[in-house]
Amino acid sequence: ASPVLRAIAEGGWDTRSDLARKAGRLPNNIARDLGQLANAGLITADDLPALTDAGRAQLDAIARAESGERIAPDDLPEGIEALRHDEILPDPDNARRDWESPDAIDDLQALVADIDQNGLLQNLVVRPHPDPLDDRFILVGGERRWRAIGHLIESGRWPADRLIPARRLTTDDVGVRLAALAENLQRRALNPIEEANAYRGLREVGLSTEAIASRVAMTQRHVQARLQLLELTEDQQRRMTLPADDPERLSVSEARKLVANLEAKQKLRTRWEAELSPRARLVLAELRLAAKTGWSNDRVEGDGAAIDAVDDAGARNTAGV
């Protein structure tokens, strides 16, 4: 959090709220930022903190990296890397996928102009490449800043060999995904589908919805509602990512109604199937398999009892074919 470190070093503030404004941070987030910096040993754990020797060393390293000066590894503070743009790769698991919408493009261009004028005020966050033979790093947080710097390099406004300060994260897969999600939620609001995909990624690495909710300071109901959006069709999910003024945009409330209808249909289907005889369920399973793999005349055996229990048309309708 280099803006907070700079603001502390410069002084001119009397309260934490003043410090938040000076650092360009939200007042609600400043306590968390200060706690993280204190835990890292960069500031004192006082109500009105001051930089430690390690904090001053980090600010010095950041300033030298931004100036393009090559820094020896031994001169870098613990956990800080100074990297060229091409030594950093985007995160393939980043929940953010909206880079092409008009809003996303406008937002990125505004960031390009800000970095061009004011420099990089916030460190990127990276992790070592999983391939031990690859000495590059993978982004955990700051892809918008990394992309903005890429635009500046393409336009000749940022030297390709200028070093970028980055905080190196060494943690497990859950920690990496949580750090990336927190970064995205703090810097620019994720759309509901991006948020849902982020929660799905955390669930895939073993977290329950209750644990996810606790980690991201959301209610469990909110996390579950977002995950349910992934039951929608690809087109419906795409419509949820459209700008608010697009007539085709699907709102969260409209999406919830669609999800509720899907769940109601599934409950009816489950109840209907529970009332079928075992032979009828076998016919239904054959019909579903045939629908996925292509119809075949010899796929379903002509069992009279099963046909009596459920006719082909009803089974096909229930199977959704």
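The residue numbers shown here count from 1 along each chain, following its written sequence. In view of the model being predicted, local features appear only for residues whose pLDDT reaches at least 70, and side-chain atom pairs are presented and counted only at 80 or more, with totals across whole chains, interfaces and linings using the full set of residues. In computing side-chain properties, one takes all heavy atoms of the structure into account and sets aside hydrogens as well as water.

(A) The arrangement of helix α9 (residues 209–216) in detail. Burial in α9 covers these residues: T209, I212, A213 and V216. End-on view of α9: buried residues confined to an arc of 100°, all on one side of the axis. Summarising the geometry of α9, the exposed residues directed more than 90 degrees from the buried face are E210 and S214. Among the residues trailing α9, A217 stands out with phi positive, at a value near 60°. Accessible area is worked out with a 1.4 Å probe on protein chains only. A residue is then buried under 20% of its type maximum, exposed over 50%, and partly exposed in between. Put simply, DSSP marks the helices as runs of H or I at least four residues long and the strands as runs of E at least two long, and each gets a number from the N terminus on. Directions are taken from the helix axis to each C-beta atom, and the arc is the one they span.

(B) Looking closely at the pairing of strand β5 (residues 164–168). In terms of strand pairing, strand β1 (residues 80–83) meets β5 through four bridges, oriented antiparallel. By the bridge assignment, E81 is partnered in β5 with A166. For two strands to pair, DSSP has to find at least two bridges joining them. Inspection of the sheet shows strand β3 (residues 124–128) paired to β5 by three bridges, in the parallel sense. Paired with L124 across the two strands is A166, which belongs to β5.

(C) Region of the structure containing the confidence of the model for the protein chain. Per-residue pLDDT for the protein chain averages 75, and the proportion of residues at 70 or more is 72%. Each residue gets a pLDDT score, which is the predictor's confidence in that residue and runs from 0 to 100. Taken element by element, the protein chain is modelled with least confidence in helix α14 (residues 304–309), mean pLDDT 45, and with most confidence in strand β2 (residues 88–89), mean pLDDT 93.

(D) View of the sheet that holds β1. Ordered by their spatial adjacency, five strands build an open sheet running β1-β5-β3-β4-β2, and the pairing between neighbours is mixed. For this open sheet the edge positions go to β1 and β2, each flanked by a neighbour on one side alone. As judged from the four bridges shared by β3 and strand β4 (residues 137–141), these two strands associate in the antiparallel manner. Counted as the bridge partner of V125 is G141 from β4. By the convention used here, residues are in contact when the closest approach between their heavy atoms is within 4.5 Å. Axis lines are fitted to C-alpha atoms, over the contacting stretch for helices. Their N-to-C directions set the angle, which ranges from 0 to 180 degrees. Relative to β4, helix α6 (residues 143–154) is tilted by about 120°, and along the sheet it contacts β2, β3, β4 and β5.

(E) Molecular detail of the side chain of H85. The residue H85 is located in the loop between β1 and β2 in this model. Only 2.8 Å separates the side chain of H85 from the backbone oxygen of W146, close enough to count as a polar contact. Within 3.5 Å is the distance limit for a polar contact, defined as a pair of N or O atoms, with the added protein rule that one can donate a hydrogen and the other accept it, and that residues adjacent in sequence qualify only through two side-chain atoms. Among the polar contacts made by the side chain of H85, one reaches the main-chain amide nitrogen of G150 at a distance of 3.5 Å. Discounting residues that sit within four places of it in the chain, H85 has contacts with W146, I149, G150, I153, A160 and I164.

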